[in-house]
Amino acid sequence: MKKALITLVRGYQKGISPLLPPSCRYYPTCSSYMIKAIEVHGAVKGVAMGSARIARCHPFVKGGLDYVPQEFSLTRNTQDKVEPKYNNERGNE
């Protein structure tokens, strides 16, 4: 399940994203965030976190750094100023 979701996001990154004008407000991009969230927190929680991130991305947000937190959360990660070392990456599901 995890591999299939990551493949879908990578397909978007390679096939659809290059056709659109750059509009990323966050670093890492929402698609990269979704992949990392799925890798770290599993398919269901990772998709929920990635979807919440996409919902936060709008013209009125300041943007900036927003790494995937080590603990599951649907809110912006304001604590980590560098990418955390994820010691709890889950195996394939």
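See above for the structure.
I will try to describe carefully the structure that is included in this document. (Residues numbered from 1 in each chain as written. Predicted model: local features only at pLDDT ≥ 70, side-chain atom pairs only at ≥ 80, totals over all residues. Heavy atoms only, no water.)

## Let's talk about the layout of surface pockets
- In this structure, the largest pocket encloses a volume near 400 Å³.
- In this structure, the largest pocket is lined by 16 residues; those nearest its centre are Tyr12, Ser17, Cys24, Cys30 and Ser31.
- Among the elements of the structure, helix H1 (2-16) and helix H2 (30-41) are those that each provide at least two residues to the lining of the largest pocket.
- Here the residues of the lining of the largest pocket sort into 10 nonpolar, 5 polar and 1 charged. (1 Å grid on protein atoms, 1.4 Å probe; cavity = no way out; pocket = protein on both sides within 12 Å on 5 of 7 lines; lining within 4 Å. Points joined across faces, edges and corners; volume = space filled by probe spheres on them. Helix = DSSP H or I, 4+ residues; strand = E, 2+ residues; numbered from the N terminus. Nonpolar A, V, L, I, M, F, W, Y, C, P; charged D, E, K, R; others polar.)

## Points about helix H3 (residues 43-56)
- With 14 residues, H3 extends 20 Å from end C-alpha to end C-alpha; this agrees with the ideal 20 Å at 1.5 Å per step.
- When we look at burial in H3, the residues that qualify are Ala43, Gly46, Met49, Gly50, Ala52, Arg53 and Arg56.
- Structurally, H3 contributes buried residues whose contacts are with H1, strand S1 (26-27) and H2. (Expected span 1.5 Å × (residues − 1). Buried < 20%, exposed > 50% of the residue type's maximum accessible area, 1.4 Å probe, protein only. Contact = heavy atoms within 4.5 Å.)

## Concerning the pattern of salt bridges
- Here the structure, examined in full by the defined rule, presents 3 salt bridges.
- The salt bridge partner of Lys36 is Glu39, with a shortest N-O separation of 3.7 Å. Residue Lys36 and its partner Glu39 are both found in helix H2; the two are separated by 3 residues, about one turn of the helix.
- Arg53 is the partner of Asp66 in a salt bridge, and the nearest nitrogen-oxygen pair spans 3.5 Å. (Salt bridge = Lys/Arg side-chain N within 4 Å of Asp/Glu carboxyl O.)

## Structural notes on the packing of aromatic side chains
- Counted according to the given criterion, the structure contains 1 aromatic pair.
- An angle of 90° between the planes, with centres 6.2 Å apart, marks the rings of Tyr27 and Tyr67 as edge-to-face. In this pair, Tyr27 is assigned in strand S1 and Tyr67 in the segment after strand S2 (64-65), connecting sequence segments 40 residues apart.
- A residue is classified by how much of its surface remains accessible, and Tyr27, at 51% relative accessible area, is exposed.
- The ring of Phe72 has Lys45 sitting right over it, with the charged end atom 5.4 Å from the ring centre. (Phe/Tyr/Trp six-rings, centres within 6.5 Å; stacked < 30°, edge-to-face > 60°. Lys NZ or Arg CZ within 6 Å of the ring centre and 35° of its normal.)

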